[in-house]
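Residue-level structural notes
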Amino acid sequence: MAFIGDLLHEQFQCSICLDIFNNPSSTPCGHSFCVSCINQYWDGAKVCQCPLCKRTFQKRPDLQINRTLREITEQFRDMSGGGIVGGSVAKEKKGVKGRERAMPNELLDELTSKLPRPHASMPATSEEQGGKLPMASSVPIQSPISEATSAGGPSHAASRAPESSGRRRFTVSGAASSHNIPLCDVHNRGILIFCRTDGECICPNCETEAHFDHDTVTVEAAWTEKQAQLKQTEQQTKEMIQQRLLKIEEIRTSVSELELAVEQATTGSVCMFSALMAAIERAQAELMSVMEVNRCAAETQAAALIRQLEMEVEELRRRESVLAQLSATNDHVQGVKNFATVPAPPPTKDWSGVSVSCDLGISAIYRSLAGEVEKFQEQLRGITERGFTASSLETSPARPQPRMRRVQEYVVDVTLDCNTAHPRLLLSDDMKSVRCSDRHQLLPDNMERFDRVVCVLGREAISSGRHYWEVQVGGKTDWDLGVARQSINRKGKIEVTPNNGYWFLSLRDKNKYAFRTEPSTDVHLNLRPNKIGIFVDFERGQVSFYNVEAKIHIYTFNDTFTECIFPFFSPCTNRSGKNDGPLIITPVDASE
């Protein structure tokens, strides 16, 4: 009897003040509380919630007293003596000491008859089979509110947890316990079971009706399993984090080692070039000395030869004089006599093979030195053009980029396509330059024309091979240059990324260069380019950009082209005259 009284007290107890209902009122979700308790609970709250099921009401409900429940509660209070002590039926009124007041059987039958019986699908306990009420641990007992109606409409039963699970106390600040079991929307019973087959949390009625042949466990057991899985996943995540932290540290160490290597290489190169310059200076001095010695020896040799030749010339001139005198005589007899006295010619030397050599013997040295210098300069140009490639940090193999002079060999004559130009763009008569005006022109709105972004395409389609052109950009604060796919969207707002068919370099605010990747890739240029070179290798899927004057490679997109692409030009808006300059397609000068 005391046990049934405890159960009845449980049903007539407010979950906020833990006392017998005083003017009970039911919320739209079917739970009942003292009208003063629930109003105090909601006073000052930003959102009105049911303290039991946590259902949220967009508008604060207009609560009315549940008169039927109030009458039943008053009857119970009168039968139990007007109070509760320790969760049991109250003691006798004053004057009756030491004896617990008994509740009349007919009144118990009247009250318990209004309580709903256990669900038909739930198995009956041994006591139920004997005609007795179920124990507290079997089926939750529902409030008699389910049979009552308030002034505001019907009230639904609030499922109560068994007393063995503990009574939850709610104050004006909310639930004191975090163990608030949610209720099934269909059966209004606590969700205590997890169906492994369907992966759903269900109530006992759902298990009996729709999941009777499924693999089910308690929610607590399922959560224990999930916690084990969570721990494993957490451990794996920690290991992944640790691996990446180690990789970050490895990369930072590599950067530090690279800085040290650059410093050492710089010192070494300075020492090497200093030593090389000193060696060259010494070799030059030694070579000059050898050439001076050779010159002196050649001069001495030449002087000796000249002296010998002069002596022979003097002797020959004397004989020439005698012969001249003899030849001038008119006395035939005397001439014949004197001819015998003519001196014999002096011994002479064959000078035809005699000469002074001008070969210093240094031509081979010059040829060898010039070859080494050319080889060194070629290697230095290769390093300058390619730069440093951190291949270990790339997500894909880096492709070697051709040198500036080599790409200029693939120059093409690019002109602008007026049918694609935005109405604000002004094109030159030769279709080689474009700038943005302040006003729209009256142009036909054909399918090829851009109607929102101030840009224009080139007329020449690129479907194979290699192509190169140059664009003058000096003086502008904003521009876009590159290539675009034929099937790009030309109407409305445009998302300019490689995935959408755009590959180009952008300048904003005079010094902010970026490539429209996902996300955008900022690039820092030490030398501001006045002329941009664009190189396309269709088969290799490359779009490269160069600083023409500095002959420096800036950036290369690596992609796959599946359709025709066209040169892309955007002078951007003129920004009240600050960006009024044109983009000019210029001739390529590959002479240097």
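Here the structure is a predicted model, which is why all the values come from computation and not from measurement.

This brings us to helix 7 (residues 219-328). Residues spaced three or four apart along an α-helix face the same direction, because each turn holds 3.6 residues. The terminal C-alpha atoms of helix 7, which comprises 110 residues, lie 152 Å apart, in line with the 164 Å expected from a rise of 1.5 Å per residue. Among the residues of helix 7, A222, L287, M291, A302, L305, E312 and L326 are the ones counted as buried.

Turning our eyes to something else, we now look at the sheet that holds strand 19 (residues 502-508). The sheet built from six strands is open, its strands ordered 16-25-18-19-20-21 with antiparallel pairing. Edge positions in the sheet fall to strand 16 (456-457) and strand 21 (521-523), since each of these pairs with one other strand and no more. Alignment of strand 19 against strand 20 (residues 512-515), held across four bridges, turns out to be antiparallel. In the strand pairing of strand 20, R508 is matched with K512.

At M431, a residue that is not glycine, the phi angle is positive and equals roughly 60°. Considering the arrangement of structural elements, one finds M431 in the loop between strand 14 (425-427) and strand 15 (433-436). With phi around 55°, K551 is a residue other than glycine that occupies positive phi space. Along the chain, K551 falls in the loop between strand 23 (542-547) and strand 24 (552-558).

What follows covers the side chain of S25. Tracing the chain through its elements places S25 in strand 1 (residues 24-26). The class for S25 is buried, based on a relative accessible area of 1%. When sequence neighbours within four positions are dropped, the list of residues in contact with S25 reads H31, S32, F33, V35, L63, Q64 and N66.

All right, on to the pattern of salt bridges then. In total, this model carries 18 salt bridges according to the counting rule given. Across the pair K247 and E250 runs a salt bridge, and its minimum N-O distance is 3.1 Å. Of this pair, K247 and E250 both sit in helix 7, three residues apart, roughly one helical turn. Residue D413 pairs with K432 through a salt bridge whose shortest N-O separation is 2.3 Å. Of the two residues, D413 is situated in the loop between helix 10 (404-407) and strand 14 and K432 in the loop between strand 14 and strand 15; the sequence distance between them amounts to 19 residues.

The subject of this paragraph is the nonpolar core. If you look at the biggest cluster of nonpolar residues, it comprises 35 residues, and the most contacted ones within it are W469, W479, L481, I532, V543, F545 and F569. Discounting chain neighbours no more than four positions away, the residues touching W469 are V412, V414, I462, G482, V483, I532, G533, I534, V536, P567 and F569. Counting residues in each nonpolar core, the second largest holds 21 residues, with C14, I20, F21 and M79 among its members.

Parameters at a glance
Residues numbered from 1 in each chain as written. Predicted model: local features only at pLDDT ≥ 70, side-chain atom pairs only at ≥ 80, totals over all residues. Heavy atoms only, no water. Helix = DSSP H or I, 4+ residues; strand = E, 2+ residues; numbered from the N terminus. Expected span 1.5 Å × (residues − 1). Buried < 20%, exposed > 50% of the residue type's maximum accessible area, 1.4 Å probe, protein only. Pairing = 2+ DSSP bridges. Contact = heavy atoms within 4.5 Å. Salt bridge = Lys/Arg side-chain N within 4 Å of Asp/Glu carboxyl O. Core = buried A, V, L, I, M, F, W, Y, C linked by side-chain atoms within 4.5 Å.

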